[in-house]
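Coordinate inspection notes
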Amino acid sequence: MARTDLRIGDCVASPGDLSFGTFEGVALPTGGNDRLAVVIAQGKRDGPTLWLTANIHGNELAGINALHRLLTLDLCAAMAGTIVAIPSLNPAGLRTNRRHPYWDDRDPNRTFPGRKRGDEEPREPSVYERLAARLLESLRGSADYYVDLHCASIQSVGFSIRDRVLYKDEAERPKMEALSTTLDAMVGAFGFPAVVEFPSKTYIARELHKSTTGAALQELRIPAFTVELGMHSAVDRPLVGACVVGLRNMMRWAGMLAGDPEPIPALPRPPDARVRRREDGPYPPAAGILDYRVEAGAYMKEGGVVATLRDMWGRSVGDGEISVGPDTWIIGIEDGVLAYPGSAIAHVGVIENASLVERWPD
Ligand SMILES: [Zn+2]
């Protein structure tokens, strides 16, 4: 499909060129608008439209660098189709290095597809929800594929998160199986180790279907996934480089670039290709001070010790160790040293046997 008339906000695509513009953001009480920078990169040949966004969590920075590095005139000369890039979905959080924008203290990545005034739910849509509604309308009208770039804890590896495809009507299932297959291929072409999202009931309870890529997948049925690029609040530069290579390889898979995939820099990976899902844990049995004994990227057998647990005086709490279940890939350890019951001390990948296409949980 010809995309030469594509316009996002006031940014208008131009074949063979980079275009720069803005998407209207949140109106500021002090005047002006917290508008979003938009870059459109377009090839001279028709092809798919790939949306790339970053920094919806304001302290997650590496994706901004990755998009800036990816989007060049050389890329426009070589590519078919179009990239729509929004390097920061949360400029307020970027300026303050906070996950949430200061004008709406809820997680912006749980506000999609957003709501407009007059929707059925009897409450006012929040500030970010109104922006999310407009963003998703733009995405609906133009995207064939979508990737959103994030960062995780300070000591964490690079990985992709692949949502399950959920459906409500059994008649949808064949199409959803096909969407799931396309999504697997897209995540595979990107080349980072991937984990499946939480089990469906947890996914819904945590409103992950209301994330950027969750809403794109579950509402718009656009193949979409989330990438985690290591630490927040600073930039893991090797992961930025790997991300740029991954995005170009994904463009090759999508027919937007010619040639064989580029080798991706070495990344910590699980020891085999079995499907894994992400999980928070392990959880400490009591409050105390953690002394971590693993690095992000480690692979652990059942009983492997993630951290020891002591009280503030240095005395062991409980049996003094917090350990994992079988076949546990340590994706990241939590920031800091504080343990609270109910607060996971790490983020892990565990073996997943459930289907990746499921009926919407009751
Ligand atoms: Zn994030």
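Residues numbered from 1 in each chain as written. Predicted model: local features only at pLDDT ≥ 70, side-chain atom pairs only at ≥ 80, totals over all residues.

Ordered in space as β17-β16-β14-β19, the four strands form an open sheet in which the pairing is antiparallel. Looking at which strands have only one partner, the edges of the open sheet turn out to be β17 (316–323) and β19 (338–339). (Pairing = 2+ DSSP bridges. Helix = DSSP H or I, 4+ residues; strand = E, 2+ residues; numbered from the N terminus.)

What follows covers the nonpolar core. Among the nonpolar cores identified, the biggest contains 90 residues, and I40, A66, Y146, L229 and C243 are the most heavily contacted of them. When residues in this core are grouped by element, the largest group, eight residues, is from helix α8 (residues 237–253). When residues of this core are assigned to domains, at least three map to each of domain 1 (7–253) and domain 2 (276–351). Excluding its chain neighbours within four sequence positions, the residues that come into contact with A66 are L149, L229, V240, C243 and V244. (Core = buried A, V, L, I, M, F, W, Y, C linked by C-beta atoms within 7 Å. Buried ≥ 20, exposed ≤ 12 C-beta atoms within 10 Å, placed from the backbone. Domains from an automatic or database assignment. Contact = placed C-beta atoms within 7 Å.)

A separate point is the pairing of strand β12 (residues 224–231). When you tally the buried positions in β12, you get eight out of eight residues, the bulk of the element. Two elements, strand β7 (residues 145–152) and β12, share six bridges in a ladder whose sense is parallel. Bridge pairing in β12 places Y146 opposite A224. With four bridges connecting them, strand β9 (residues 158–162) and β12 associate as antiparallel partners. Along β12, the bridge assignment pairs G158 with L229.

Between two packed helices, what matters for the description is the angle formed by their axes and the separation of those axes. Running from amino to carboxyl end, helix α1 (residues 62–70) crosses α8 at an angle of 50 degrees, the nearest separation of the two axes being 9 Å. When the interaxial angle is binned, α1 and α8 end up oblique. Relative to α8, α1 is oriented so that their crossing is right-handed. Residues A62, N65, A66, R69 and L70 of α1 form the contact with α8, whose own contacting residues are L239, V240, C243, V244 and L247. (Axes fitted to C-alpha atoms, helices over the stretch in contact; angles between N-to-C directions. Parallel < 35°, antiparallel > 145°, perpendicular 65-115°, else oblique. Left-handed = near helix turned anticlockwise from the far one by under 90°.)

This brings us to the pairing of strand β13 (residues 276–280). For β13, a buried count of four out of five residues is recorded, marking the element as mostly surrounded by other parts of the structure. Of the pairings in the sheet, the one linking β13 to strand β20 (residues 346–351) comprises five bridges and is antiparallel in character. Within the sheet, the bridge partner assigned to E279 lies in β20 and is V348.

In this section: the domain arrangement of the protein chain. When the domains of the protein chain are assigned, the result is domain 1 (7–253) and domain 2 (276–351). On a C-alpha basis, the centroid separation for the pair domain 1 and domain 2 is 30 Å. Listed by partner, the interface residues are 12 residues for domain 1 and 12 residues for domain 2. Residue composition of the side of domain 1 that touches domain 2, grouped by class: eight nonpolar, three polar and one charged. (Nonpolar A, V, L, I, M, F, W, Y, C, P; charged D, E, K, R; others polar.)

What follows covers the environment of P113. Tracing the backbone through its elements, the reader meets P113 in the loop between α3 (91–96) and α4 (127–142). Residues P113 and A194 lie 81 residues apart in sequence; the distance between their C-alpha atoms is 24 Å. Ignoring sequence-local partners within four residues, the contact set of P113 consists of A132, A133, L136, A215 and E219.

Note on placement: G158 falls in strand β9. Taking the C-alpha atoms as reference points, G158 and L356, separated by 198 residues in sequence, lie 22 Å from one another. Among residues more than four places away in sequence, those in contact with G158 are F192, E228, L229, G230, L239, A242 and L267.

What follows concerns unusual backbone geometry. Geometrically, the link from F112 to P113 is a cis peptide bond, its omega value of 5 degrees lying close to zero. Following G281, the chain continues to P282 via a peptide bond in cis, the omega torsion being 0 degrees. Relative to the helices and strands, P282 is located in the loop between β13 and β14 (288–292). Positioned with a positive phi, N97 is a non-glycine residue whose angle comes to about 50 degrees. Residue placement: N97 occurs in the loop between α3 and α4. By the C-beta count within 10 Å, which is 13 here, N97 ends up partly exposed. Unusually for a residue other than glycine, E207 sits at a positive phi of about 60 degrees. Within the element layout of this structure, E207 appears in the loop between α6 (200–205) and α7 (212–218).

Another point: α8. Taking 1.5 Å of rise per residue, 17 residues should cover 24 Å, and α8 covers 25 Å from first to last C-alpha, within 8% of that figure. Those residues of α8 that fall on the buried side of the exposure criterion are L239, V240, A242, C243, V244, G246, L247, R248, N249, M250 and M251. Buried positions along α8 lie against β5 (45–54), α1, β7, β9, α5 (173–190) and β12. Within two residues after α8, G255 carries a phi angle of roughly 80 degrees, on the positive side. (Expected span 1.5 Å × (residues − 1).)

Moving on, we come to the environment of T212. With respect to the secondary-structure elements, T212 resides in helix α7. Residue T212 is classed as buried on the basis of its C-beta count, with 27 C-beta atoms lying within 10 Å. Sequence spacing of T212 and F225 is 13 residues, and the spatial spacing of their C-alpha atoms is 8.8 Å.

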